[in-house]
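# Fold and geometry: a report
Listed below are the residues making up each chain.
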Amino acid sequence: IPLPGFAEFCRKVAADGAVLLRNEEEVLPLKNKECVSVFGRTAFDYYRSGTGSGGSVNVEYTTNLISGLRRKDNLYLNEELVKIYEEWLKSHPFDNGGGGWASEPWRQKEMPLSDECVKKAREVSEKAVVVIGRTAGEDQDNAAAEGSYLLAEEEVSMLLMVTKYFEQVIVVLNVSNIIDMKWANDSKFQGRIKSILYAWHGGMEGGNAIADVLAGDVTPNGK
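Quantified by volume, the largest pocket comes out at close to 430 Å³. Along its surface, the largest pocket is lined by 22 residues, and R48, S49, G55, F94 and E104 are the ones closest to its centre. Per-class residue counts for the lining of the largest pocket are 6 nonpolar, 13 polar and 3 charged. In this structure, the second largest pocket is lined by L150, L151, V156, D180, K182, W183, D186, K188 and F189. Looking at side-chain class alone, the lining of the second largest pocket contains 5 nonpolar, no polar and 4 charged residues.

In structure tokens:
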């Protein structure tokens, strides 16, 4: 049974502890009444914790970034894009590795993006948020491999497709430990990755916490 005030404190710590690695052209915070397109399945299957004993902790609920942004009265989500992801996720559920202790993979399969899908999103949004997720933990530490320390090929493809149409891209790293960052300055993304937020794993209120940061309600103070 959570202690009184635990959820509120968890949300505060998760937001305060986020690290703003880049913020060019004042892309963040999102502007009042701005419509944002969110890419990446981790926005839905948000990592609250790592694997092993930490991942086995029981909580009353968890939040994700989509639900967090929906609660912001001053922002609008590209709901048409959300529906596309929700439909795809029905046939591509979260892979828990069979449910064994620390058995889930480091990352989850990403939805392939088409030119038509991203181009249509750009027509209603000036900014795109791309969420990249990783887990790790006891008996399942990081590895110098694609999909772990390195971006997976399908994650690179996602960034390529989004930066092809969006000039202002925000990358949120919902990760448990360090991750390779050489892609941040890769010329193939045309200098369009304007903001990078290291969100870590935020616990049960992680989705709401990072929505607080993106909306400008909280200043990320992590170092």
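Before going further, it helps to examine the packing of helix 1 (residues 6-16) against helix 7 (residues 206-215). Between helix 1 and helix 7, the shortest axis-to-axis distance is 8 Å and the interhelical angle comes to 50°. By the angle between their directions, the pair helix 1 and helix 7 is classed as oblique. With respect to the hand of their crossing, helix 1 and helix 7 are arranged in right-handed fashion. Here helix 1 contributes R11, A14 and A15 to the contact with helix 7, which in turn contributes N208, A209, I210, D212 and V213.

Before going further, it helps to examine unusual backbone geometry. Cis rather than trans, the peptide bond between L28 and P29 has omega equal to 0°. Structurally, P29 is set in the loop between strand 1 (19-23) and strand 2 (34-39). For K33, which is not glycine, the phi dihedral falls at a positive 65°. Looking at the element boundaries, K33 is found in the loop between strand 1 and strand 2. When its relative accessible area of 47% is taken as the criterion, K33 is described as partly exposed. A positive phi is found at W200, a non-glycine position, where the angle reads about 60°. Take W200: it is sitting in the loop between strand 6 (193-198) and helix 7.

With respect to the helices and strands, the residue D45 is situated in the loop between strand 2 and helix 2 (52-55). In this structure the C-alpha to C-alpha distance between D45 and L65, which are 20 residues apart in sequence, comes to 8.8 Å. In this view, D45 contacts L89 and F94; residues no more than four positions away in its chain are not counted. A distance of 2.6 Å separates polar atoms of two side chains, one belonging to D45 and the other to R41.

Another aspect to go through is the sheet that holds strand 4 (residues 127-133). If you trace the 6 strands from one edge of the open sheet to the other, you get 1-6-5-4-2-3, paired in mixed fashion. Both edges of this open sheet fall to strand 1 and strand 3 (75-77), since each of them pairs with a single strand only. For this sheet, the mean angle separating the axes of adjacent strands, direction not counted, is 25°. Here 4 bridges tie strand 2 to strand 4, and the two strands are oriented parallel to one another. Looking at the pairing, V36 lines up with K127 of strand 4. Sheet strands touched by helix 6 (residues 153-165): strand 2, strand 4, strand 5 (168-174) and strand 6. Its angle to strand 4, the strand with the most contacts, is close to 175°.

Scanning all chains against the criterion turns up 4 aromatic pairs. On the basis of an interplanar angle of 70° and a centroid distance of 6.1 Å, the ring pair of Y47 and F94 is categorised as edge-to-face. Here Y47, found in the loop between strand 2 and helix 2, pairs with F94, found in the loop between helix 4 (79-91) and helix 5 (115-124); they are 47 residues apart in sequence, far enough to count as distant. You can call Y47 buried: its relative accessible area is 4%. A residue is classified by how much of its surface remains accessible, and F94, at 31% relative accessible area, is partly exposed. Geometrically, the ring pair formed by Y198 and W200 is tilted, given 4.5 Å between the ring centres and 40° between the ring planes.

The rules behind these values
Per chain, residues are indexed from 1 in the order of the written sequence. Local features in this predicted model are restricted to residues whose pLDDT is 70 or higher, and side-chain atom pairs enter the listing and the counts only when it is 80 or higher, whereas totals over whole chains, interfaces and linings include all residues. Calculation of side-chain values draws on the structure's entire complement of heavy atoms; hydrogens and water are dropped beforehand. Every definition here rests on a 1 Å grid over the protein atoms only: cavities are sets of points where a 1.4 Å probe fits but cannot get out, pockets are open sets enclosed by protein on both sides within 12 Å along at least five of seven lines, and lining residues have some atom within 4 Å of a point. Grid points are joined across faces, edges and corners, and a volume is the space filled by probe spheres set on the points. Gly counts as polar in this scheme, as do all residues outside two lists: the nonpolar Ala, Val, Leu, Ile, Met, Phe, Trp, Tyr, Cys and Pro, and the charged Asp, Glu, Lys and Arg. Each axis is a line fitted through C-alpha atoms, and for a helix only the stretch in contact is used; angles between axes span 0 to 180 degrees, taken between their N-to-C directions. Going along the chain from the N terminus, every DSSP run of H or I of four or more residues is numbered as a helix, and every run of E of two or more is numbered as a strand. Each angle gets one of four labels, with under 35 degrees taken as roughly parallel, over 145 as roughly antiparallel, 65 to 115 as roughly perpendicular, and the rest as oblique. For any helix crossing, the convention is left-handed if the near helix is rotated counterclockwise from the far helix by under a right angle, and right-handed if that rotation is clockwise. Any pair of residues with heavy atoms lying within 4.5 Å of one another is described as a contacting pair. Buried residues are those whose accessible area, probed at 1.4 Å on protein chains only, stays under 20% of the maximum for their type, while exposed residues exceed 50% and partly exposed ones sit between those limits. In protein, a polar contact requires one atom able to donate a hydrogen and another able to accept it; more generally it is a pair of N or O atoms within 3.5 Å, and residues adjacent in sequence count only if both atoms are side-chain atoms. Following DSSP output, two strands are said to pair if at least two bridges run between them. Think of it this way: a Phe, Tyr or Trp ring, Trp meaning its six-membered ring, pairs with another when their centres are within 6.5 Å, and the plane angle makes it stacked under 30 degrees, edge-to-face over 60, tilted otherwise.

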